[in-house]
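Structural characterization, general
So the chains spell out like this:
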Amino acid sequence: MKLCEFVRPASLSQARASLRKLGPKGMPLAGGTALHFMPGKTPVSAVDLTHLGLSYIRQKGNFFEIGAATPLSDIQRYRGPRWAMHEICRRISTHQIRNVSTIGGNICRVFPWADLPVVLLAMNARMVIYSGKLKEMDADEFFSSQPARLFRNGDLLTAVKIPVLKAQHGFGSVKATRNAAAFSMVTIAALLELKGGVIAAARVAAGSAIPFPKRLRSVEAALTGKEPSAETFRAAAALAGTDAKWCKQEGMSAEYVAGLAEVSIVDALERAAEFARGRTA
Amino acid sequence: MKRHELAKNFKQVNTSVTKIDAMQLALGKDSYVADFLPKDALVIKMLWSPHAHARIKKLDVSKAEKMPGVKCVLWHGNVPRIVHCTAGQGFPEPSPYDTFMFDNKVRFVGDRVAAVAAETEEQALAALEAIKVEYELLKPVFTLAEAMAPGAPVIHDEPEAHVPIPITYEPKKNLVAHVACEAGSFKKGMAEADFTFDETYETPYAQHCPIEPYTSMAQMTPAGRILITTSTQVPFHCRRIVARTLGIPVQKIRVVKPRIGGGFGCKQEILLEDVTAMFALRTGRPCLWRFDREETFRTGRTRHPFHIRLRTGVKKDGTITAIALECINNTGAYGGHGLTVVSCSGGKTLPLYHCDNILFDGKSYYTNLPVGGAYRGFGATQAFFAIESLMDHMAEAIGMDPLKFRQLNHIRPGEGSPIFQALGEGREGVPMTVGSNALGECIVQGAEAAGWEKRTDWRGKTGRYRRGIGMCCLMQGSSIPDIDMGAATIKINEDGSFNLNVGATDLGTGSDTVLAQIAAEELETATDKMIVYSSDTDMTPFDVGAYASSTTYLSGEAVRKAAADAKRQILATGAEMLGLKVEEVHCEDAHVLNADGSKKVSYSDIANYSLYQKNQYQIIGTASHITKKSPPPFAAHFAEVEVDTLTGFVKVLNYVSTIDCGTAVNPALCEGQTEGGTLNGISYALTEEYLFDEKGKMQNASFADYHIYSMRDRPNIKAILVPSYEDTGPFGAKSVSEICINGPAPAIGNAIYNATGARLNEFPFTPEKVLAAIKAVKK
């Protein structure tokens, strides 16, 4: 697409009104990095969201709330109690990209290699959407298909709410890449809740090596009620193929990618278990 | 004093002075081609072939020519059909003339079809879409086996294709070049061996990835000449080749090279300048053509992929009795550098180890894939992967430490090799004995830094993550003997500063700084007194350009000789001013003085005297230089890796890169070259590859998908400069820049073997390949 006009609204409602008026020709603009991957010559008008007070991170009750226009580098630098988002953010692209790319831009239009949807699915995050009023949507619904569907009528993502992990919670993520700045070959994120020495609940999500990020329900089911051991993790990871059809990529076969995903699931689970056992993030 | 300690007495050389263009570049001052763009410049865009092999049946540009902003369209129907070679090599080139500015046949995805010059980029792109092309698709040739098969499609069936010198060239068989030699008897050597080996190796395509893509601008001067400002390593070859391609005299063309944002060999090719010049000629307007990154990948030059068969014989005592190195390169759709790269795969590697019975056979074939060209390391990179992998293999067979096996066999100072004479570049080489050679010390210092003594056999290693150490030894050359020539002039100014004009081409390497240091050392003044100008075909003397590891050694000696010429004149004038004989004075610290220093006169005074006062003349030194030798730099590399045996991922933990480059004229720049070349090689060994679809189109033509190492990937690299003194080089120097890229593939391959027992004969060492090799070991 081709940027032809630039609109700078003074408020969220003005932004929504502009987008509604522009219809398909309107495009919310935050970091702007996704533009690189949207070729073509369709003329669009950008509606600038960077001056609407949507760049912040704060803890409110049981959630960390991250403004939708918060750059990834801010999330990488932030520290809070049992905060785990920085690990994946420091693995996304380069410093220069992270300084402009926003959490909202990363999740409102999901590219196949996106890491944050995987993490937010595992974290059971909640997305705050402005449609004249604010409403919340959980990650499962938000990422049930391409989230761009939710914003066609000018609605806007305003924030992402990440649950504050409790003492028995552990989170781990793995991103397999060919080099530091490369897109992910496989991204896995896992959230474990341990109670009485067993896994009371698990949320495991995958992305990059599959067409769209998703939870691995068979893996989660295989973990629940089991001891968090290497054997448990390996047995559960072996079921990942039930949930996901791994794709070949970067010259590597689907068979290899499936094996890499299995190993990455085990690694993410081990990191999550370690986190739950008291490792400082 | 040992010979290499001579360098300690130098005042300007062997000193890490700041690059003379450092501030200019750091401050973002206008430096590069596109910085000098006139406001009325037209933008050039090219329509590239979407097909790997096709004949253009019909091409209609009439609609495009009428599009808004379009000033000119070029295609095979309206430009001269002059066959030429795009490789920027000496004349006549040891490469086929197989290229036209535009042709009625396309030979790879990314070949030229038609070009537009328009007022804006958008207008040029719109015009490209209006060009109608009808193709007759021809059967493509994608592999060496397909290219060599009897009855294979002929990629260059045009009658004009020929070679300008008597070398093997059979385009009807897709054969670009064939060179072979034998010293002793390979058959006899194999018969004497206790162990024999027969292995094949594959090396991949790779891209140079300079930060500044190919960029060229041309404009007409008021005198009706064409001024080409271009990002090139070879300004003089560029002028000659553009003149031929356009069918105009060399006199009509001036080529200026401003600062260059990297080349690594890819800008030793004339890929843009003929078109920019033709557009300038046709429109009378300045015209800029700048490749984007995708064009750089698809159409720019690449490293030749090689298929290598290596056979060797070795005795139990470590004597290598026979080596047969058979290399076949895929030169892609055009043959520039096909011969020289395959020649260097033998010429720059086989002399490294003692062996009485050596056989070399090198061939180069056309395919309908991207075009191979010059790339740092130039043939040696590919062959050293095979040779140094097999050195470890042989050492293990005879139960010898691979380090000791190399120490036992490597070439010593004063020794020669029949290969030096047998394999030149397009003709026989020159007989040569090695003068400076600190390889033995490189091995010792590298082993100590890498902790070689702690290395253990892979069979005792357990666990998911396994560590290993691998090594290799390397050599390269310093310029092409009896072929390459460099020249310089140096003149004095009133304040004692000097204009140093060189045709040598600084492409970001720091060669302007190095040449200034050499001139200053010879003239016994300070480096910051040098005003360096390079390179401009109107204003600077000839130089073949920056390639073949030649600038410091070859152009540097031309500079030293020119400085010595100027110094003779300074001494004469100084002596005249002091009323002394020339024999009674010497130069020191920018003065001419007598033996006890009681009488002296400054360079500034001498300049003013000679320019304004008495017996006036311009003190100006000039010199040319060719070499009779190509003294090899030597290196020993050591890689420590950690292999994830569950995923096949390889992490380089530590890398030691030792280098004997003779005197390091500027040690900081030498270390920079060494670290840069090493990281370049690590990236090539682990992550870089061209992925093609079934139609021969590269699928990963962007930095998002073609993975090169950045500083965040950089392992701990220790560069160690091991001094020697090369008598034939300026102040003992030889080359440094190319050799370092040759080590990582074999060193890392050997380290993976030491970690896991998995031997890979093909790279890049992708996780999938490594994992498959590990699984094969377990079986």
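See above for the structure.
Conventions used here
- Residues numbered from 1 in each chain as written.
- Chains lettered and ligands numbered in written order.
- Predicted model: local features only at pLDDT ≥ 70, side-chain atom pairs only at ≥ 80, totals over all residues.
- Heavy atoms only, no water.
- Phe/Tyr/Trp six-rings, centres within 6.5 Å; stacked < 30°, edge-to-face > 60°.
- Helix = DSSP H or I, 4+ residues; strand = E, 2+ residues; numbered from the N terminus.
- Buried < 20%, exposed > 50% of the residue type's maximum accessible area, 1.4 Å probe, protein only.
- Lys NZ or Arg CZ within 6 Å of the ring centre and 35° of its normal.
- Pairing = 2+ DSSP bridges.
- Axes fitted to C-alpha atoms, helices over the stretch in contact; angles between N-to-C directions.
- Disulfide = S-S within 2.5 Å.
- Arc of directions from axis to C-beta.

This paragraph deals with the packing of aromatic side chains. Evaluation of the coordinates by the stated rule reveals 33 aromatic pairs over all chains. Between the aromatic rings of A:Tyr78 and A:Trp83, the centroid separation amounts to 4.8 Å while the plane-to-plane angle is 75 degrees, which identifies the pairing as edge-to-face. On the numbers, 4.7 Å between centres and 50 degrees between planes, the contact of B:Phe297 with B:Tyr706 is tilted. With B:Phe297 in helix H8 (residues 293-298) and B:Tyr706 in the loop between helix H17 (667-686) and strand S28 (716-721), the pair connects residues that are 409 residues apart, well separated along the chain. With respect to class, B:Phe297 is no different from B:Tyr706; both count as buried. We note B:Arg112 situated over the ring of B:Phe102; from NZ or CZ to the ring centre the distance is 5.9 Å. Here the guanidinium or amino end of B:Arg303 rests over the ring plane of B:Tyr375, the centre of that ring lying 4.0 Å away.

Residues and elements named next belong to chain A. In space, the three strands of this open sheet follow the order S1-S3-S2, with parallel pairing throughout. Only two strands of the sheet have a single partner each, and these edge strands are strand S1 (2-7) and strand S2 (26-29). Between one strand axis and the next, the sheet turns by 35 degrees as a mean value, whatever way the strands run. The sheet contact formed by S2 and strand S3 (residues 43-48) spans four bridges and is parallel.

Residue and element names in this part refer to chain B. Inspection of every chain in the model, using the stated rule, returns zero disulfides over all chains. For cysteine 327, which is in no disulfide, the shortest distance to another cysteine sulfur is to cysteine 181 and amounts to 11 Å. Note on cysteine 327: relative accessible area 1%, which makes it buried. Cysteine 740 takes part in no disulfide bond, and the closest cysteine sulfur, belonging to cysteine 661, lies 8.5 Å away. Relative accessible area serves as the criterion here: at 1%, cysteine 740 is assigned to the buried category.

Quick look at helix H16 (residues 603-613) of chain B now. All names here are of chain B. Among the residues of H16, Tyr603, Ile606, Ala607, Tyr609 and Ser610 are the ones counted as buried. Down the axis, H16 shows its buried residues gathered within 160 degrees of arc, on one side only. Asparagine 615 sits one or two positions beyond H16 and adopts a positive phi of about 45 degrees.

By themselves, these observations are geometric and do not establish any function.
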